[in-house]
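# Coordinate inspection notes
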Amino acid sequence: MRVVLFGDSLTFGYGVWPKDNLASLLQQARPQWEILNRGVNGDTTREAEERFEADVLSCHPDLVTFFFGSNDSAPGEGNYRTLVEFTNRYGRMMDQLKAAFPNAKAMIITPPPVDETVFMPWNENRRLIPYCQACRTLAKERHLLLADFWNTMQEASQGNLAPFLQEDGCHLSERGYLLLRDTILSALFDVSL
């Protein structure tokens, strides 16, 4: 099975050793799968849609994980994408995947919360929440797989996000990537691939 991990820096593995990023952890857990990391630092759904054919469709995937929203919802002028644009771009990419590969599965991953107690997070949880809800709605309406990483992190952290995030308060730590891997595998538990 060929799995394409499609996303931003959280998919890429910013700030951790390659052995600790999502692609490596999933490969270790499922050695029979072919895992392709198509995460690009700083990407939003706008850049993602521009590279969707080259980075996803050309790979002939069996499963694609979509993991965006952290940059889309950020307040900076360069990154910010409205909720409408975010949702529409996600929808178009899902349509392209279904048209090209009707049997391929798509999984949406909700972005994680940020630790607002540190000096640096460039985003706020109140801004992320509507994007998480949009992911849940898209998954439900389109009958897609959902890995609700936001909820999983909230439950696992018990109010202390620090162990799951790097010092910047937004990128995942090694422990955060382990939790992300487990969230994805749990979402796939009852799925025949």
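Provided above is the structure to which this section pertains.
These numbers come from a predicted model, not from an experiment.

### Structural notes on the overall build of the protein chain
Helix and strand counts for the protein chain stand at 7 helices and 5 strands. From first element to last, N terminus to C terminus, the protein chain shows the α and β order β-α-α-β-α-β-α-β-α-β-α-α. Relative to the compact-globule value of 16 Å for 193 residues, the protein chain shows a C-alpha radius of gyration of 15 Å, a close match. Along the longest, intermediate and shortest principal axes, the C-alpha atoms of the protein chain span 45 × 35 × 25 Å.

### Quick look at the packing of aromatic side chains
Within the structure shown, the criterion is met by 9 aromatic pairs. Here the aromatic rings of Phe-6 and Phe-66 are separated by 5.9 Å at their centres, their planes lie at 85 degrees, and the arrangement is edge-to-face. Residue Phe-6 is found in strand β1 (residues 2–7), and its partner Phe-66 is found in strand β3 (residues 63–67); the two are separated by 60 residues along the sequence. We note that Phe-6, like Phe-66, is buried. Taken together, the aromatic side chains of Phe-6, Phe-52, Phe-66, Phe-68, Phe-86, Tyr-90 and Tyr-131 make up a single cluster linked through ring pairs.

### Considering the sheet that holds strand β5 (residues 145–147)
Strands sit in the order β2-β1-β3-β4-β5 across an open sheet of 5 strands; the sheet is parallel. Each edge of the open sheet is held by one strand with a lone partner, namely β2 (34–39) and β5. With direction set aside, neighbouring strand axes in the sheet form an average angle of 20 degrees. Its contacts with the sheet place helix α3 (residues 45–55) against β1, β2 and β3, and it is angled at close to 160 degrees to β1.

### Considering the nonpolar core
In terms of nonpolar packing, the biggest core is built from 28 residues, with Met-107, Ile-109, Phe-149, Met-153, Leu-172, Leu-180 and Ile-184 touching the most fellow members. The biggest single contributor to this core is helix α7 (residues 174–187), with 5 residues. When residues no more than four places from it in sequence are discounted, the contact partners of Phe-149 are Phe-67, Ile-109, Thr-110, Pro-112, Leu-172, Gly-176, Leu-179, Leu-180 and Thr-183.

### What about unusual backbone geometry?
The phi torsion at His-143 lies on the positive side, around 60 degrees, for a residue other than glycine. You can call His-143 exposed: its relative accessible area is 73%.

### Thoughts on the packing of helix α6 (residues 149–157) against α7
Two elements in contact, α6 and α7, have axes whose closest approach is 10 Å; the angle formed by their N-to-C orientations is 125 degrees. The angle between α6 and α7 falls in the class oblique. Our pair here, α6 against α7, has a crossing hand that is right-handed. On α7, the residues touching Phe-149, Thr-152, Met-153 and Ala-156 of α6 are Gly-176, Leu-179, Leu-180 and Thr-183. When its residues are assigned to classes, the contact of α6 with α7 shows 5 nonpolar, 3 polar and no charged.

Criteria and cut-off values
Residues numbered from 1 in each chain as written. Predicted model: local features only at pLDDT ≥ 70, side-chain atom pairs only at ≥ 80, totals over all residues. Heavy atoms only, no water. Helix = DSSP H or I, 4+ residues; strand = E, 2+ residues; numbered from the N terminus. Rg over C-alpha atoms; globule rule 2.2 N^0.38 Å. Phe/Tyr/Trp six-rings, centres within 6.5 Å; stacked < 30°, edge-to-face > 60°. Buried < 20%, exposed > 50% of the residue type's maximum accessible area, 1.4 Å probe, protein only. Pairing = 2+ DSSP bridges. Axes fitted to C-alpha atoms, helices over the stretch in contact; angles between N-to-C directions. Contact = heavy atoms within 4.5 Å. Core = buried A, V, L, I, M, F, W, Y, C linked by side-chain atoms within 4.5 Å. Parallel < 35°, antiparallel > 145°, perpendicular 65-115°, else oblique. Left-handed = near helix turned anticlockwise from the far one by under 90°. Nonpolar A, V, L, I, M, F, W, Y, C, P; charged D, E, K, R; others polar.

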